[in-house]
Amino acid sequence: MGLLGKPQGVFKLGESDKYVGSFISKDDVKTILDVCDSDLSDVKFNKINGIDYIDEAKLHESWKNNCIPNAVPIRKGNSTISLDEYILIEIIMRTYPSAKVESQFKWGRKYIDIYVEMDNRKFFIEFHGPGHFKKMNVYGDPEDPFVRKNQIEDEFGIPCYIWPYWIQRCSSNLKVLLGDSDAPSRGYGALWSTKVFFGEFFFPNSTQIIENITNQFKATPDGSYGYFYEAWSSDLGRIKQEHPILEKIRKGKKSIDLLIPPGADPNDKNKWLPKVLQSV
């Protein structure tokens, strides 16, 4: 969670399509981590509009340090489970109440993040945080995400979907991903506090990887990725704060190249930039 920057905005599990942010309410924390009020007695919440919220990075720290008794496990075997995975599991169960969901499905010595059975369908979801795309010295070189996806599909004969950290965690995106008849025509990407950007990705063909994954969610219908960073207001039906990286770039403190992935066409860089930075 050190890959998250200054917290921005609130997230609401019951309105995941609308609210995109870092602060999670106490009620949602209890649902996501399967705990009660007494289990959270040592966790500090802050009031936002009269409701108890906590920054997800601080929540993760308390969870990792065993400060939340009876919480769902943070590890299974040699696999670490992310908060994002548990959030996605709750979104799946709210969107499809009949779904049977398993966290960390065993695959030999490995684990697959999420396994789902519902409506005569079976599939896996692998949540990919920044460490799957940027080289972290601790972990060595990341592996092309499609290698693991293809191995899983070959092994089990069912779809394995990649859900990357730049795609909004919400019900609508889930429906788009699964191709449901009542799915909206498009999904949404959203970045609000990450400290890892496309320009830092490890793979020479990062542009192709980003596009292939994002296309699963139909999140760039006009081919533009720049809106991921922009603020969204309630009149758009979605609420998100602007990512702080934009202000740093405007002030010359950070390079615009952070937002442009390896392999991008130099003549087409505006597709990766929010409107306020285009043609800079």
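Everything below is about the structure shown above.
Residues numbered from 1 in each chain as written. Predicted model: local features only at pLDDT ≥ 70, side-chain atom pairs only at ≥ 80, totals over all residues. Heavy atoms only, no water.

**So, the pattern of salt bridges**
Thought 1: Counted by the stated rule, this structure contains 17 salt bridges.
Thought 2: Asp52 is the partner of Lys47 in a salt bridge, and the nearest nitrogen-oxygen pair spans 3.2 Å.
Thought 3: Overall, Lys47 belongs to the exposed group, its relative accessible area being 59%.
Thought 4: On the accessibility criterion, Asp52 (22% relative accessible area) is partly exposed.
Thought 5: Each of Lys26, Asp27, Lys30 and Asp37 takes part in salt bridges that share partners, so that together they form one network. (Salt bridge = Lys/Arg side-chain N within 4 Å of Asp/Glu carboxyl O. Buried < 20%, exposed > 50% of the residue type's maximum accessible area, 1.4 Å probe, protein only.)

**Structural notes on a positive patch on the surface**
Thought 1: A cluster of like positive charges, contributed by Lys195, Lys248, Lys253 and Lys254, occupies part of the molecular surface.
Thought 2: Under the relative-accessibility criterion, Lys254 is labelled partly exposed at 41%. (Patch = residues over 30% accessible without salt bridge, like charges linked within 9 Å, V, L, I, M, F, W, Y side chains within 5 Å. Areas by Shrake-Rupley, 256 points an atom, 1.4 Å probe, with all protein chains shown as cover. Lys, Arg positive; Asp, Glu negative; His and termini not counted. Charge placed at Lys NZ, Arg CZ, Asp CG, Glu CD.)

**A few points about the side chain of Thr220**
Thought 1: Along the chain, Thr220 falls in the loop between α6 (206–215) and α7 (245–250).
Thought 2: Judged by its relative accessible area of 11%, Thr220 falls in the buried class.
Thought 3: Excluding its chain neighbours within four sequence positions, the residues that come into contact with Thr220 are Thr214, Asn215, Tyr225 and Phe228. (Helix = DSSP H or I, 4+ residues; strand = E, 2+ residues; numbered from the N terminus. Contact = heavy atoms within 4.5 Å.)

**Looking at the environment of Gly263**
Thought 1: Relative to the helices and strands, Gly263 resides in the segment after α7.
Thought 2: Given a relative accessible area of 61%, Gly263 falls into the exposed group.
Thought 3: Sequence separation between Gly263 and Ile209 is 54 residues, and the spatial gap between their C-alpha atoms is 9.9 Å.
Thought 4: Once you skip the residues sitting within four places of it in the chain, Gly263 turns out to touch Pro204 and Thr207.

**A closer look at the nonpolar core**
Thought 1: Among the nonpolar cores identified, the biggest contains 74 residues, and Leu33, Ile125, Trp163, Trp166, Phe198, Tyr229 and Leu259 are the most heavily contacted of them.
Thought 2: Ranked by residue count, the leading element in this core is helix α3 (residues 83–95), at seven residues.
Thought 3: Sequence-distant contacts of Phe198, defined by excluding residues within four places in its chain, comprise Trp166, Ile210, Tyr225, Phe228, Tyr229, Leu258, Leu259, Ile260, Pro261, Pro262 and Trp272. (Core = buried A, V, L, I, M, F, W, Y, C linked by side-chain atoms within 4.5 Å.)

**Points about the pairing of strand β7 (residues 100–107)**
Thought 1: Summarising the sheet, β7 and strand β8 (residues 110–118) pair through seven bridges and their orientation is antiparallel. Its bridge partner lying in β8, Ser103 is registered against Ile114.
Thought 2: Here β7 hands over to β8 after two residues, with Gly108 in that stretch at a positive phi of 65 degrees. (Pairing = 2+ DSSP bridges.)

**Brief notes about α3**
Thought 1: With 13 residues, α3 extends 18 Å between its outermost C-alpha atoms, agreeing within 8% with the 18 Å of an ideal straight helix rising 1.5 Å per residue.
Thought 2: Of all 13 residues that make up α3, 11 are buried, and the element is covered over most of its length.
Thought 3: If you check which residues of α3 are buried, you get Leu83, Asp84, Glu85, Tyr86, Ile87, Leu88, Ile89, Glu90, Ile91, Ile92 and Thr95. (Expected span 1.5 Å × (residues − 1).)

**Details of the environment of Gly226**
Thought 1: With respect to the helices and strands, the residue Gly226 is situated in the loop between α6 and α7.
Thought 2: Note: C-alpha distance between Gly226 and Leu259 (33 residues apart in sequence) is 8.6 Å.
Thought 3: If we skip the residues at most four places from it in the chain, Gly226 touches Lys271, Trp272, Leu273 and Pro274.

**Notes on the packing of helix α1 (residues 26–33) against α3**
Thought 1: Put simply, α1 and α3 touch, their axes get as near as 9 Å, and they point 90 degrees apart. Classified by the angle between their axes, α1 and α3 sit roughly perpendicular to one another. Where α1 approaches α3, its residues Thr31, Ile32 and Leu33 are matched on the opposing element by Leu83, Tyr86, Ile87, Glu90 and Arg94.
Thought 2: Among the residues making up the contact of α1 with α3, the classes are represented as five nonpolar, one polar and two charged. (Axes fitted to C-alpha atoms, helices over the stretch in contact; angles between N-to-C directions. Parallel < 35°, antiparallel > 145°, perpendicular 65-115°, else oblique. Nonpolar A, V, L, I, M, F, W, Y, C, P; charged D, E, K, R; others polar.)

**Digging into the sheet that holds strand β4 (residues 51–55)**
Thought 1: If you trace the four strands from one edge of the open sheet to the other, you get β1-β2-β4-β3, paired in mixed fashion. Strands with a single pairing partner mark the edges of an open sheet, and in this sheet they are β1 (10–11) and β3 (46–48).

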